[in-house]
Amino acid sequence: TTTTTTTTTTTTSTTPRSGPPLWTFCRGRRRKVGSSIAHYSKETSSSSSFHLRSATKKTTPTTKRGVKMSSKSRRGDGDKKATKEHTIFWDLDDCLYKNDWKVANLLTARIEEFTVGKLGLQPGYAYELYKKYGTCLKGMMAEKILDDNSVDEYLLWAHDVPLEEHIGKDEKLRDVLVRVRDEGYPMYIFTASARHHAEKCLRLLGISDLFIDIIDVRAVEWATKHDEEAYERAMAIAGVKERERCVFIDDSTSNIKTAKKMGWHTILCGTKGRDCGTVLVCAEANHIIETAHEFSADMHVPMFALTEEQPNKK
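The sections below set out a description of the structure shown in this document. Numbering of residues starts from 1 in each chain and follows the order in which that chain's sequence is written. Totals for whole chains, interfaces and linings use every residue, but because this is a predicted model, local features are given only for residues with pLDDT of at least 70 and side-chain atom pairs only at 80 or more, for both listing and counting. Values shown for side chains rest on all heavy atoms present in the structure; no hydrogens or waters enter the calculation.

**Concerning unusual backbone geometry**
Thinking step 1. Despite not being glycine, Asp 94 has its phi angle at roughly 60°, a positive value.
Thinking step 2. Assignment of secondary structure puts Asp 94 in the loop between β1 (87–90) and α3 (102–118).
Thinking step 3. Since its relative accessible area comes to 3%, Asp 94 is described here as buried. Secondary structure follows DSSP: runs of H or I at least 4 residues long count as helices, runs of E at least 2 residues long count as strands, and numbering of each begins at the N terminus. Three labels apply to residues, based on accessible area from a 1.4 Å probe with only protein chains included: buried if under 20% of the type maximum, exposed if over 50%, partly exposed otherwise in between.

**Section: α3**
Thinking step 1. Between its first and last C-alpha atoms α3 spans 24 Å; for 17 residues at 1.5 Å apiece the expected length is 24 Å, and the two agree.
Thinking step 2. Between two residues, a contact is recorded if the distance between any of their heavy atoms is within 4.5 Å. For α3, the elements touching its buried residues are α4 (125–133), α5 (136–142) and α6 (151–158).
Thinking step 3. At the exit of α3 stands Gly 120, carrying a positive phi of roughly 75°. How far a helix is expected to stretch is found by multiplying one less than its residue total by 1.5 Å.

**Some details on the nonpolar core**
The tendency in soluble globular proteins is for nonpolar side chains to be buried as a group.
Thinking step 1. The definition of a nonpolar core used throughout is a set of buried Ala, Val, Leu, Ile, Met, Phe, Trp, Tyr and Cys residues joined through side-chain atoms within 4.5 Å. In terms of nonpolar packing, the biggest core is built from 36 residues, with Ile 88, Trp 90, Leu 96, Leu 177, Ile 207, Phe 211 and Phe 295 touching the most fellow members.
Thinking step 2. Elements supplying a minimum of two residues to this core: β1, α3, α7 (171–182), β2 (187–190), α8 (195–205), β4 (246–250) and β5 (265–269).
Thinking step 3. The element best represented in this core is α8, accounting for five residues.

**Let's talk about the sheet that holds strand β6 (residues 287–289)**
Thinking step 1. Read across the open sheet, the six strands follow the order β3-β2-β1-β4-β5-β6; overall the sheet is parallel. With partners counted over all chains shown, the strands left at the sheet margins are β3 (213–215) and β6, one partner each. Within this sheet the neighbouring strands show an average axis-to-axis angle of 25°, counted without direction.
Thinking step 2. A pair of strands is considered paired only if DSSP assigns at least 2 bridges between the two. Two elements, β1 and β4, share four bridges in a ladder whose sense is parallel. Looking at β4, one finds that Phe 89 is bridged to Phe 248.
Thinking step 3. Strands β2 and β3 of the sheet are contacted by α8, whose axis makes an angle of about 135° with β3. In this analysis, axes come from line fits to C-alpha atoms, helices being fitted only over the stretch in contact, and the angle between any two N-to-C directions falls in the range 0 to 180 degrees.

Here it is as structure tokens:
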């Protein structure tokens, strides 16, 4: 699913990377293969292990709506925080952390082992499903290769990898996110993986307390970030009505394109492709940053408020 676009900003046009790795949409907590599926299901149905930050949606700012706000009014005056017009949705894997796709490669190998060894599929067919459906998991469910009762077993197998050997605390990232949170921006994890995988990654990074919630593959009813439905459901979960109020940060050019089509403000996080190593270009990205450490609300969140009469994009 390699996509070639021509940037209209400052990035030189080169051959872009392919879309996100097939494993990114179906990840889970590390667990022994023989673990109880019933226990897994019970665990994943509960969010008790993820300590969410106590937060409420901000009210409409006193600044007259529809008028461009000054930097002072937008960032607040003194100790008083200004209300923020945007909600920030962060992708997780290969976006909030980067480790030269070490985790990606481990999970890809586990998926291939499951689809070939346990399901009897031809080698490489898992990737064909990814290209056709956006994720291997969605493809297997659509083609009746995997039913709902087998999803947990698949997730357990595919994600039995040592995350703690490849992800560690990132104090610099925490400082960046604390600053954004303290400025008043609601932040969500918007991942195509499973909640338990996201929870473990966030704990290892030391940032699990900085997000309101995790919007995972189950929460969007198995839709992938190639599908507009995933973004609509993410907005419903976050309580955002206007698409233009959504800021999306992701490492996949394919996901960025869909988000942009939805009317979201887009930030591509990553400048090199996984497979080819060449510089990524994406005309649909409002901004391109190399790592999450470069993110700044002052630089990357648009400074405007919508008029109440402005219709939502369809």
